[in-house]
Amino acid sequence: MIAALVAGLFAGYGIAMPVGAVATYLVALTARTTLRIGAFAALGVATADGLYALIAALAGSAVTPVIRPIMTPLRWASALVLLALAVRSAARAIRRYRKTQAAAQAGETPISPGRAYVALLGLTMMNPITVIYFAALVLGDQSTAAPDHLQQAVFVLAAFAASASWQLLLAGSGALLGRALIGSRGRLITAVTSSAVICALALRLLITAH
């Protein structure tokens, strides 16, 4: 049981800690809105990781042949969604800066917590690498005896908890960034910079999809 717990924690942190486009968007979203919205978005990412851990634990090697043929379309879809989010974020920031509505911006919540959760859940689920990552870990860690349902549950819950803790940490850093950049110019710079980073990561995803 302890082995399943430790394996799940390592798996969750292993997939969550590399900073990519989704993590960048999560931090920028929280900086522009509120910690509550960022926390819901973070849990959306963690839920996707937990679901993929569950799929891998239950299906094992059977899921990899199913996912592999659609990896390229999923990567393209994920990259295009990220590019759209980046462009939309930068455009809104520029419009707000030109209108000099810093006071209104401080209290604005352009997305609800529920929508933030669903958006980040869907975006993260588009990443087929996650399920292959978990499947490889599950297969590599199997002994001669197959894990029972309790061990599988512990693995999945530990992976979810690890991912959630890291994503919430990212959301917290975004909230601190938002408090530090209270001026309209600071928020504009943050939004444009994060959009540029997201675009670069999305373009790299498109290149690797070939």
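The rules behind these values
- Residues numbered from 1 in each chain as written.
- Predicted model: local features only at pLDDT ≥ 70, side-chain atom pairs only at ≥ 80, totals over all residues.
- Heavy atoms only, no water.
- Helix = DSSP H or I, 4+ residues; strand = E, 2+ residues; numbered from the N terminus.
- Contact = heavy atoms within 4.5 Å.
- Areas by Shrake-Rupley, 256 points an atom, 1.4 Å probe, with all protein chains shown as cover.
- Expected span 1.5 Å × (residues − 1).
- Buried < 20%, exposed > 50% of the residue type's maximum accessible area, 1.4 Å probe, protein only.
- Arc of directions from axis to C-beta.
- Core = buried A, V, L, I, M, F, W, Y, C linked by side-chain atoms within 4.5 Å.
- pLDDT = per-residue confidence, 0-100.
- Axes fitted to C-alpha atoms, helices over the stretch in contact; angles between N-to-C directions.
- Left-handed = near helix turned anticlockwise from the far one by under 90°.
- Nonpolar A, V, L, I, M, F, W, Y, C, P; charged D, E, K, R; others polar.
- Patch = residues over 30% accessible without salt bridge, like charges linked within 9 Å, V, L, I, M, F, W, Y side chains within 5 Å.
- Salt bridge = Lys/Arg side-chain N within 4 Å of Asp/Glu carboxyl O.

So, on to the overall build of the protein chain. When its secondary structure is counted, the protein chain shows 10 helices and 0 strands. Put simply, the protein chain runs from its N terminus to its C terminus through helices and strands in the order α-α-α-α-α-α-α-α-α-α. In the protein chain, the proportion of contacts linking residues at least 24 apart, taken out of those at least 6 apart, comes to 91%. Split by element, the accessible area of the protein chain, about 10600 Å² in all, is 71% carbon and sulfur.

At 3.6 residues per turn, the α-helix brings residues three or four places apart onto the same side. The first and last C-alpha atoms of helix H7 (residues 113-125) sit 18 Å apart over 13 residues, in line with the 18 Å expected at 1.5 Å per residue. Regarding H7, the residues found buried are Pro113, Ala116, Leu120, Leu121, Leu123 and Thr124. Seen end-on, H7 carries its buried residues on one side only, within an arc spanning 170°. Exposed and facing more than 90 degrees away from the buried side of H7 are Arg115 and Val118.

What follows deals with the nonpolar core. In terms of nonpolar packing, the biggest core is built from 26 residues, with Leu29, Ala41, Leu82, Ala116, Leu120, Leu170 and Ile198 touching the most fellow members. Among the elements that take part in this core, helix H2 (residues 21-32) stands out by supplying 7 residues, more than any other. Of all hydrophobic cores here, the second largest spans 10 residues; its members include Ala11, Tyr52, Phe155 and Val156.

Within the fold, Asp49 resides in helix H3 (residues 35-59). The class of Asp49 is buried, set by a relative accessible area of 3%. For Asp49, the residues in contact, after removing those within four places along its chain, are Ile15, Thr124, Thr130, Phe134, Ser163 and Gln167.

Following the sequence through the fold, Ala53 ends up in helix H3. On the accessibility criterion, Ala53 (0% relative accessible area) is buried. Along the backbone, Ala53 and Leu157 are 104 residues apart, and their C-alpha atoms lie at a distance of 8.8 Å. Ala53 has contacts with Phe134, Phe155, Val156 and Ala159, leaving out every residue within four places of it along the chain.

This part is about the confidence of the model for the protein chain. Residue-level pLDDT values for the protein chain average 77, and 73% of them are 70 or greater. Within the protein chain, H7 carries the highest mean pLDDT (91), whereas helix H6 (residues 102-106) carries the lowest (48). In the model, residues 142-146 has pLDDT below 50 throughout and makes 1 contact with residues more than four positions away in sequence or in other chains.

At a closest axis distance of 7 Å, the pairing of H3 and H7 adopts a crossing angle of 35°. Classified by chirality, the crossing of H7 by H3 is right-handed. For the pair H3 and H7, the contacting residues are Arg36, Ile37, Phe40, Ala41, Leu43, Gly44, Val45, Thr47, Ala48, Asp49, Leu51 and Tyr52 in the first and Pro113, Ala116, Tyr117, Leu120, Leu121, Thr124 and Met125 in the second. Residues of the contact of H3 with H7, tallied by class, amount to 14 nonpolar, 3 polar and 2 charged.

This next bit is on the side chain of Thr47. Mapped onto the elements, Thr47 comes out in helix H3. A relative accessible area of 17% places Thr47 in the buried class.

The subject of this paragraph is a nonpolar patch on the surface. A surface patch of nonpolar side chains, about 640 Å² in accessible area, is lined by Ile2, Leu5, Val6, Leu9, Phe10, Tyr13 and Met17. Counting through the fold element by element, Leu9 comes out in helix H1 (residues 2-16).

Along the chain, the position of Leu83 falls in helix H5 (residues 71-99). Leaving out residues up to four positions away in the same chain, Leu83 has contacts with Cys199, Ala202 and Leu206.

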